[in-house]
Amino acid sequence: MRKTAYSLIFATSLTMGMLSCGQKTEETTETEEMTETPTRFGGLALYTVRDAMGQDPKATLKAVADAGYAYVEAAGYADGKFYGMEPAAFKSYLDSLGLQPKSTHMGGVTLDNAEEQIAASKAAGFEYFVIPVPPMGMFTFGPEGLGMKGTKEELVSILTTIGEKCSAAGLKLLYHNHDFEFKLDEDGSTITDYILQNTDPAHVNYQMDLFWVTKAGADPLAYFEKYPGRFKAWHVKDMNDAGEFAPVGTGNIDFARILAEKDKSGMVYYLVEQDNTFDLNPMEAIQISHRGLEKYGFQ
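Residues numbered from 1 in each chain as written. Predicted model: local features only at pLDDT ≥ 70, side-chain atom pairs only at ≥ 80, totals over all residues. Heavy atoms only, no water.

**Student:** Run through the nonpolar core, naming residues and quoting values.
**Tutor:** Phe82, Phe129 and Trp234 are the most contacted members of the largest nonpolar core, which has 86 residues in total. Element by element, the count of residues in this core is highest for helix α7 (residues 152-169), at six residues. (Core = buried A, V, L, I, M, F, W, Y, C linked by side-chain atoms within 4.5 Å. Buried < 20%, exposed > 50% of the residue type's maximum accessible area, 1.4 Å probe, protein only. Helix = DSSP H or I, 4+ residues; strand = E, 2+ residues; numbered from the N terminus.)

See below:
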């Protein structure tokens, strides 16, 4: 039977309780070995465990920390709160777990609410403000796949305006890609090329999703070569033989080859993300991915 997030949390809590009572039995020692916390490194995009975050965010964040992650990316902002917590309270709870609030996906940002969302992100301790899809109703999704309505010029204008607001507040703006930004348009260019050619790196950079760029048939290294230093963050997720999301280290993406060029890319941090874990419990998936990160030499 697969572990659930809550069975993991219960086992960890039980072990800690026994230790606090000084019950150093042989059974306790075995439990300690089974629940030993991995070395802390790397980040997790909380979108991966979004259902658990919606049910019990504090217990889920504790499980994320216990799985060995050092920082997180939020994807749950609504009504001025992160996962139902005021920004300062959210930061305080992460601090208590030893988790760093690294970045936050703010899919509902508009030119009208940008300053409010930027202030909330700053109060929560985030360093990076990430726009996960073309904002303000530009993102499309349907049987034909993911896409964008409107023009590249409109998207760049929005990113530039919000990016300048982020810079003024001491945050850094990143745009997160899917596959459609790497596909050739009718004019023979891509959305990614247009963004990177027409934005100021002082205000706008990229969070490259390594699964989606691979899904589009593009080579991450070619983009690192063409736009060095612009890919400040990576989403690290693997791809199985069917072209579906898979835990890091269980698919066919050559992360070692990509990681070797991290300096050229400009990568400052990276996050495990798995949009859909299918029949695998998300908490199991992030543990497998953390071991995969270590296998490839992510630190």
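Structure's up, so let's keep going.
**Student:** Can you tell me about helix α4 (residues 57-66), naming the residues and giving the values?
**Tutor:** Of all ten residues in α4, eight are buried; the element is thus mostly enclosed. All of the buried residues along α4 are Pro57, Ala59, Thr60, Leu61, Ala63, Val64, Ala65 and Asp66. Residue Gly68 follows α4 closely and has a positive phi angle near 105 degrees.

**Student:** Can you lay out the side chain of Asp209 for me, pointing to particular residues and giving the numbers?
**Tutor:** In this structure, Asp209 sits in strand β10 (residues 204-209). Residues within four places of Asp209 in sequence aside, it is in contact with His176, Asn177, His235, Lys237 and Glu273. (Contact = heavy atoms within 4.5 Å.)

**Student:** Outline the pattern of salt bridges, listing residues and values.
**Tutor:** Considering all chains together, one arrives at 13 salt bridges under this definition. Here Lys62 makes a salt bridge to Asp66, at a shortest N to O gap of 2.8 Å. Residue Lys62 and its partner Asp66 are located together in helix α4, separated by four residues, close to a single helical turn. The exposure class assigned to Asp66 is buried, which follows from its relative accessible area of 16%. Between Lys264 and Glu225 there is a salt bridge whose closest N-O contact spans 2.7 Å. (Salt bridge = Lys/Arg side-chain N within 4 Å of Asp/Glu carboxyl O.)

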